[in-house]
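A structural walkthrough
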Amino acid sequence: MHEPADTPVLIVDDEEHLRITASQTLELAGYRPEALSSAEAALDALSPDYPGVLITDIRMPGMDGMTLLREVRRRDPDLPVILITGHGDISTAVEAMREGAWDFLEKPFAGEQLTDVVRRATEKRQLSLENRHLKAELDAQRAAPGPRIVGRTPAMQHLSAMLQRISQVEADVLLFGETGVGKDLVARSLHERSSRSGQPFVAINCGAVPESIIESELFGHEKGAFTGAVERRIGKFEHANGGSVFLDEIESMPLALQVKLLRVLQERTVERLGANEPIPLDIRVIAATKTDLKAAAEQGTFREDLYYRLNVVTLPIPPLRERREDIPLLFQHFAVVAANRSGLEAPPLNAADVSVLMSHDWPGNVRELRNLAERFVLLGAAYDYRLDQLLEGADTGTNDMALPQQVELFEKSLISQSLANHHGRITHVCEHLGLPRKTLYDKLRKYGLRAEDYRHNREP
């Protein structure tokens with residue numbers, strides 16, 4: 001919950017002595033009171049997501065407290081409004097509660113009464129705002145095209161920006177990255193962000209399809225084209241017409257088939273096996289590889305002309321070890337997904353768990369991390385397995401960073417994670433990490449972190 005020092009309280013009363021007394025009481029309790037003499041001034045001071053509460057007298061010249069209550073409720077029905085009533089004015093208090101007031105104080109009231117009702121109201125306000133922000137994040141995630149790409153590091157922010165830019169132009173794309181970095185996720189995201197999102201997304205793993213049938217898989221065939229072709233088959237390219245074709249592990253495509261693929265890319269037509277008529281294609285081709293295709297072309301294992309045809313736009317996808325600060329965030333994301341799917345709760349990460357995650361080199365990249373998160377949800381709580389036990393024999397000290405670098409990276413990750421968990425609220429982060437406020441601000445400057453980036457924004 002909000003610490004008082006974080007919470008503003010707006011006090012509206014035409015009597016100066018009450019404004020002074022209430023302000024002093026709340027200031028001594030650690031709140032940030034702001035006293036105003038008119039309802040009109042209070043409306044000007046209230047922002048859409050005002051983080052505090054409003055206290056107002058009912059009887060005031062000009063706009064009275066009941067009118068102010070109704071206007072505030074119209075603007076923000078979740079903002080707690082506490083009304084001050086005169087002695088014995090019960091009927092007005094009842095009307096105020098019907099109008100949606102949070103509570104009321106009857107003059108004269110004790111300081112303890114004031115601080116108690118403000119404390120309860122600010123707790124309610126914090127919960128309302130957190131629910132509002134969470135709903136906004138979920139709505140934004142649902143509205144965002146394509147699968148969610150999780151990460152706050154500059155490398156992932158750059159990748160997300162490039163995806164958005166490339167998705168708006170009609171160009172074939174080559175994705176380059178190690179096994180398990182999420183090339184299929186990036187390909188789907190690219191398709192869903194484009195104008196082709198309502199059309200088919202057809203994926204084929206060139207290394208998983210037997211060489212004897214891959215040509216038929218891609219281009220289709222006519223009845224009788226070869227032994228066993230008992231009926232016409234529509235190939236992947238034709239099926240994807242209007243949409244996107246994702247060719248994963250394209251380095252595994254046989255050389256003879258690469259010639260036909262080059263013709264498809266150049267002419268945007270396809271011929272089924274056993275047919276003579278070209279079929280026009282309107283497709284985007286997204287290819288993915290984990291090898292250096294230029295080097296493969298120089299070695300004669302990949303056609304050079306196909307490499308240059310594919311290399312119009314190349315998107316490198318960074319391995320997990322090059323964006324370590326994203327690891328705890330990604331792990332939590334996968335754990336929540338696994339928990340929702342299995343109906344279990346995701347066990348919380350402690351400092352030792354984060355240390356294990358940050359020190360591992362992740363040769364399997366995001367796929368390995370996702371599998372670990374799923375094991376953590378399924379086995380961690382039920383069988384009391386520690387995270388390092390679930391990391392099946394992995395050497396958690398294999399990275400080649402010096403100790404001071406590891407310590408700084410670990411510290412930055414913990415601070416970033418705490419900022420995310422507490423929505424950028426400095427007081428909560430200080431309490432969670434056991435740091436004085438000045439020390440935390442020094443570390444934020446050191447690591448280039450900003451609390452405001454964690455308040456309402458969705459993760460890239």
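Report on the accompanying structure. Keep in mind the model is a prediction, meaning the values are calculated, not measured. (Residues numbered from 1 in each chain as written. Predicted model: local features only at pLDDT ≥ 70, side-chain atom pairs only at ≥ 80, totals over all residues. Heavy atoms only, no water.)

On to unusual backbone geometry, then. A cis amide bond links K107 with the next residue in sequence, P108, at an omega value of -10°. By the element assignment, P108 lies in the loop between β5 (103-106) and α5 (111-143). Although it is not a glycine, E249 adopts a positive phi angle of roughly 50°. Structurally, E249 can be placed in the loop between β10 (244-248) and α10 (255-267). (Helix = DSSP H or I, 4+ residues; strand = E, 2+ residues; numbered from the N terminus.)

Moving on, we get to helix α6 (residues 154-167). Because an α-helix completes one turn every 3.6 residues, residues spaced three or four positions apart along the sequence face the same direction. Taking 1.5 Å of rise per residue, 14 residues should cover 20 Å, and α6 covers 20 Å from first to last C-alpha, within 8% of that figure. Along α6, the residues classified as buried are M156, L159, S160, M162, L163, I166 and S167. The buried residues of α6 occupy an angular sector of 165° when projected down its axis, which confines them to one face. Of the exposed residues in α6, the ones pointing more than 90 degrees away from its buried face are P154, H158 and R165. (Expected span 1.5 Å × (residues − 1). Buried < 20%, exposed > 50% of the residue type's maximum accessible area, 1.4 Å probe, protein only. Arc of directions from axis to C-beta.)

For the rest of this paragraph, the subject is the sheet that holds strand β13 (residues 284-289). Two strands in a sheet stick together by hydrogen bonds in their backbones, pointing the same way (parallel) or opposite ways (antiparallel). The 5 strands lie next to each other as β7-β10-β13-β6-β14, forming an open sheet whose pairing is parallel. Each edge of the open sheet is held by one strand with a lone partner, namely β7 (201-205) and β14 (313-316). Mean inter-strand twist for the sheet, computed between neighbouring axes without regard to direction, equals 20°. Here β10 pairs with β13 via 4 bridges, running parallel. Bridge assignment links F246 to a residue of β13, and that residue is I286. Running at roughly 155° to β14, α6 makes contact with β6 (173-176), β13 and β14 of the sheet. (Pairing = 2+ DSSP bridges. Axes fitted to C-alpha atoms, helices over the stretch in contact; angles between N-to-C directions. Contact = heavy atoms within 4.5 Å.)

The strand order across the open sheet built from 5 strands is β2-β1-β3-β4-β5, with neighbouring strands paired in parallel fashion. This sheet does not close on itself; its edge strands, each paired only once, are β2 (32-36) and β5. With direction set aside, neighbouring strand axes in the sheet form an average angle of 20°. Strand direction decides the pairing type here: strand β4 (residues 81-85) and β5, joined by 4 bridges, are parallel. Residue pairing across strands places L83 opposite F104, the latter belonging to β5.

Any link to function would need more than the numbers given here.
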